[in-house]
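What the coordinates show
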Amino acid sequence: MRAGARLSLLVLSCLLLLATTPDNEQPLSGYSDTSSRSERNWEVKFRAIPEPQNQRDYMQRLSARPHHVGSPYDKDNAEWMLAKFKEWGLNANIESFDVLFPTPRVRVVELVAPTKFTAKLQEPALAIDPTSNQLAEQLPTYNAYSGDGDVTAPLVYVNYGITEDYEKLERLGVSVKGAIVMARYGNSWRGIKPKVAAEHGAVGCLIYSDPADDGYVQGEVFPNGAWRPRDGVQRGSVMDMAAYPGDPLTPGIGATKDAKRLALKDVSTITRIPVLPISYADAQPLLAELKGDVVPDSWRGSLPQTYHLGPGPAKVHLKVQSNWDIKPLYDVIVKIPGSTDPDEWIVRGNHHDAWVNGAEDPISGTVALMEEARGLATLLKQGWKPKRTVIYCVWDGEEPALLGSTEWGETHADELRQHAVAYINSDANGRGYLLTGGSHTLERFINGVAKDVEDPEKKITVWKRDQLKAIADAKTSEERQEARQRADLRIDALGSGSDWSVFLDHLGIASLDLGYGAEDGGGVYHSIYDDFYWYTHFSDTDFSYGRALSQTAGTAVMRLADSDLLPYDFTGLADTIHRYIDELQKLLKTKQDEVIERNKEIEEGVFTATADPKKTSVPPPVEEVPPHLNFAPLQNAWDALTRSAERYQKALEKVTKNGELKVSPASRQAINSQLLQNERKLTSAEGLPRRPWFQHLIYAPGAYTGYGVKTIPGVREAIEQKKWKEAEEQIVRAANALKDEATLVDSVAQELEKGQ
Ligand SMILES: [Zn+2]
């Protein structure tokens, strides 16, 4: 605690230094000289406000007891935060929804043959860890939205349980039909594992944490170190969120009191087979009774035994039954009305619910958001008047299915489509580098913000540190050169995994996800050990990166809320789209080359000659070579977007020359109201094939990867799934969206040119 206090003084003095030295003379993008100077002054004041000690105190309070959806402490936390926001003088309220949230009633995993073993399914309390013994309030280890089931079947080991693993199993002559599969955590979102298992005919699914992935192979285990102990279990949702997230009973609409609800039997996002997560202590006796061939090299985990594929002779009894109850959600919503442009909204969010005590996930992010809100409240008292409306949201029910954000987004869909400028998300925070994902129209903007925040460990800007890491991590000289010379560091596209999904994927609102990490590894994710003790011993122990997150996200909110012209950039978008189109063409070419080569090897007899007759091995079937696709519509649309982006950039430079802003007030409003619609142009109301909820045509979580993003997803997934006709259709749809975007950018450029 002492060390933290010393550090905070040090950082404070650096900030004051920054405040007195005009570090950056360039006016901020979208600002005039005068408005930029005033903005920078307010931002410097803001960044001096967030306090690590406050974040530590809030965390201790919010993670003191388990606080999952529907628990007493979940509601208690929401009310406590509400009171805090009000105490700071902010206008806050709680918005409530009623959602389907299953909790476990019966959980059984037992080995019934050839030996007997009953899994504990219980994480033990540790004497040194004061909140680990709150058994009565802890959610048992389970996977929410597993279908109910009672099955006894032979076991098969399926590695990570993703599509490629089943292709390999087929080659090895192993079928999972009628079997229970044992998959290890990792390499995909967990909900994909039971989905793919069921598609291959499995009747049940176990998911365990192998020590290779987040246990003793990575580092000392808790409580001696940060990593997962032998009885640690990763809880988590297995709902098919790639179809649609949010309340399963109210797809596409808010789960308000009288919303029209689906019957439980009609819900498509609940798994078809029962699934449970287990620790490696519970998995090992089951794996030890598997025979059959030894698994391929890359499938081996780190348990001290030989890994076999099965099926059997291990036979497992798996039983899962849930209470399928409706539970209330409590979203805490804070509104700061805009002074001159109240109809343009900046939305900022982080969730507050956890699987258990959740100090890291999500409270480390929640407390950063709270200190931001306190900072803005302080500035308001000092006379800061944001042009635009700022909305701070603390979501409930993120863990089960992004429930609180999705239901709020769906309830307010029309207003959000009309008014939202951007959504800024954070979630669990740690120590290390600024990690940024988001819409590429905001790439330049967030680079600018990162140049004004100081890294608490290295005393250079977080941008500079990220750049130096990009140089260190570069795999080719081109990448290294780009990291040194490109004006902006690239940001990742967003897949799924936190509360931005409804904003970006469903409503087409430009989004950012911010957080610090990469020096904060650990293996307590979604276990009872993710708590205050763990966080304050092994993660951002002095909360200096908690402060950095407050400074980063808060600066972003202010800069978006105060700018004269909305600071989207389209040249970065066009540049990124070009890379995506390139990747798609390469993907098709690689697929073609692979099939040609494999067909040739089948003809040459390579597979039969190299198959060990003492092992089972099935040669792959001859496949049709993928056809050529016509990418011209995408390339032409990209050309148009590039031209419009350049025209816009030139026009913007002209109207902001010499630090003036030569745009009339009426014109400014017209430009902004058009600009804030730009991300919407990249969506289509029909959505993606077979998942209409996902309307963004440039970014989506993969239908078979979950967290992992698929860019230009309609086209990419059609190629991956060998749907050639669909690929051609999707090329045209994505191209049309890009053309619409180009038209909007062009029209704004034209409006700007009037001012010159
Ligand atoms: Zn989270």
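Below is a summary of the structure that appears in this document. All of these numbers come straight from a predicted model, not from anything done at the bench. (Residues numbered from 1 in each chain as written. Predicted model: local features only at pLDDT ≥ 70, side-chain atom pairs only at ≥ 80, totals over all residues. Heavy atoms only, no water.)

1. Some words on the side chain of N678
Tracing the backbone through its elements, the reader meets N678 in the loop between α22 (665-675) and β15 (699-701). Its relative accessible area of 0% is what places N678 among the buried residues. In this structure N678 touches T441, Y568, F570, E741 and L744, once residues within four positions along its chain are discounted. (Helix = DSSP H or I, 4+ residues; strand = E, 2+ residues; numbered from the N terminus. Buried < 20%, exposed > 50% of the residue type's maximum accessible area, 1.4 Å probe, protein only. Contact = heavy atoms within 4.5 Å.)

2. Focus on the pattern of salt bridges
Summed over all chains, the structure comprises 47 salt bridges. The closest approach of N and O atoms between K120 and D231, which form a salt bridge, is 3.0 Å. Of this pair, K120 sits in the loop between β2 (117-118) and β3 (143-144) while D231 sits in the loop between α7 (211-214) and β7 (236-237), and the two are 111 residues apart along the sequence. On the basis of relative accessible area, D231 is assigned to the buried category, the value being 10%. (Salt bridge = Lys/Arg side-chain N within 4 Å of Asp/Glu carboxyl O.)

3. Comments concerning the layout of surface pockets
Left-over empty space is what a probe sized like a water molecule reveals as it rolls over the atoms. Here the second largest pocket defines a volume of roughly 1,200 Å³. Around the second largest pocket sit 32 residues that line it, and T163, E164, E167, K591 and K722 are the ones nearest its centre. At the level of elements, α5 (163-171), α19 (571-604) and α23 (713-720) are the ones that each hand at least two residues to the lining of the second largest pocket. Of the residues belonging to the lining of the second largest pocket, the class tally is twelve nonpolar, seven polar and 13 charged. (1 Å grid on protein atoms, 1.4 Å probe; cavity = no way out; pocket = protein on both sides within 12 Å on 5 of 7 lines; lining within 4 Å. Points joined across faces, edges and corners; volume = space filled by probe spheres on them. Nonpolar A, V, L, I, M, F, W, Y, C, P; charged D, E, K, R; others polar.)

4. Describing the packing of α19 against helix α21 (residues 632-655)
Viewed as axis vectors pointing N to C, α19 and α21 meet at an angle of 165°, and their least axial separation amounts to 8 Å. By the angle between their directions, the pair α19 and α21 is classed as roughly antiparallel. Here α19 runs over α21; the crossing is left-handed. Between α19, through T571, L573, A574, I577, H578, I581, L584 and Q585, and α21, the contact on the second element is made entirely by L634, Q635, W638, L641, T642, A645, E646 and Q649. Tallied by class, the residues present in the contact of α19 with α21 amount to nine nonpolar, six polar and one charged. (Axes fitted to C-alpha atoms, helices over the stretch in contact; angles between N-to-C directions. Parallel < 35°, antiparallel > 145°, perpendicular 65-115°, else oblique. Left-handed = near helix turned anticlockwise from the far one by under 90°.)

5. Considerations on the nonpolar core
Formed by 213 residues in total, the largest nonpolar core has its most connected members in F85, V109, M182, L206, Y208 and W408. Among the elements that make up this core, the one with the highest residue count is helix α24 (residues 724-754) (twelve residues). Not counting residues up to four positions away in its chain, the partners in contact with V109 are F117, T118, A119, L121, L206, L276, I278, L286, V316, H317 and L318. (Core = buried A, V, L, I, M, F, W, Y, C linked by side-chain atoms within 4.5 Å.)

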